[in-house]
Amino acid sequence: FLGPPYADAVNDEYPPVLTIGARTYDAVEQYAIYRQASTAWYLTLILNQFWNLFCVRTSRTSIFRQGFFSNEVAIYGVVTSLTIMMVAIYIPELQAPDLFASASPLGQSWLPTFVFAVWIFAVSEYMKLRF
């Protein structure tokens with residue numbers, strides 16, 4: 001277990017270990033930020049792999065001609081994986097430090113996910129049209 005002890009953690013117990021500008025972060029705050037960042041990374045990785053799956057099923061046919069829902073096995077896999085991901089991220093009992101060590105992501109954590117998804121989609125469709 002890499003995080004700070006959680007038993008009755010109070011800010012006075014942990015000396016400030018990181019100062020950015022006028023803000024000081026103790027070990028508990030740093031670990032909470034670490035868990036949110038790890039969850040945001042996991043979220044972005046999983047969702048962008050789904051976009052990649054849908055975009056590169058064929059190297060020449062556009063997703064608009066082929067259809068998003070033409071492969072039922074892929075759809076079941078995506079739904080199952082999304083369900084597991086959401087459960088691991090949003091169920092408090094599974095956010096324990098010795099289980100998934102996740103934290104509910106901030107709203108701004110979703111932005112990179114959608115930016116990268118649009119990028120993957122645009123590049124994939126451009127390559128299919130161009131070549």
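Residues numbered from 1 in each chain as written. Predicted model: local features only at pLDDT ≥ 70, side-chain atom pairs only at ≥ 80, totals over all residues. Heavy atoms only, no water.

A few points about the packing of aromatic side chains
- One pass over the full model with this rule turns up four aromatic pairs.
- Between Trp51 and Phe121, the ring centres sit 5.9 Å apart and the planes meet at 65°, which makes this aromatic pair edge-to-face. Placement of Trp51 in helix H1 (residues 27-55) and of Phe121 in helix H4 (residues 110-130) is noted, with a sequence separation of 70 residues between them.
- Taking the centre distance of 5.7 Å and the plane angle of 90° together, the rings of Phe64 and Phe121 count as edge-to-face. With a gap of 57 residues between them, Phe64 in helix H2 (residues 63-66) and Phe121 in helix H4 connect regions that are remote in the sequence.
- You can call Phe64 exposed: its relative accessible area is 60%.
- Grouping aromatic residues by their ring pairs yields a cluster made of Trp51, Phe64 and Phe121. (Phe/Tyr/Trp six-rings, centres within 6.5 Å; stacked < 30°, edge-to-face > 60°. Helix = DSSP H or I, 4+ residues; strand = E, 2+ residues; numbered from the N terminus. Buried < 20%, exposed > 50% of the residue type's maximum accessible area, 1.4 Å probe, protein only.)

A word on the pattern of salt bridges
- Taken as a whole and assessed by the stated rule, the structure comprises two salt bridges.
- Taking the shortest distance from any N to any O, the salt bridge between Lys128 and Glu125 comes out at 3.9 Å. Within this pair, Lys128 and its partner Glu125 are both found in helix H4, separated by three residues, close to a single helical turn.
- Classification of Glu125 by relative accessible area gives buried; the value is 8%. (Salt bridge = Lys/Arg side-chain N within 4 Å of Asp/Glu carboxyl O.)

Quick look at H1
- When the terminal C-alpha atoms of H1 are compared, their 42 Å separation across 29 residues agrees well with the 42 Å that a helix rising 1.5 Å per residue should span.
- Of all the residues in H1, the buried ones are Tyr31, Arg35, Thr39, Ala40, Leu43, Thr44, Leu47, Asn48, Phe50, Phe54 and Cys55.
- Buried residues in H1 make contact with H2, helix H3 (72-90) and H4.
- The opening residue of H1, the one whose side-chain oxygen lies 3.2 Å from the backbone nitrogen of Val28, is Asp26. (Expected span 1.5 Å × (residues − 1). Contact = heavy atoms within 4.5 Å. Polar contact = N/O pair within 3.5 Å; in protein donor to acceptor, adjacent residues only side chain to side chain.)

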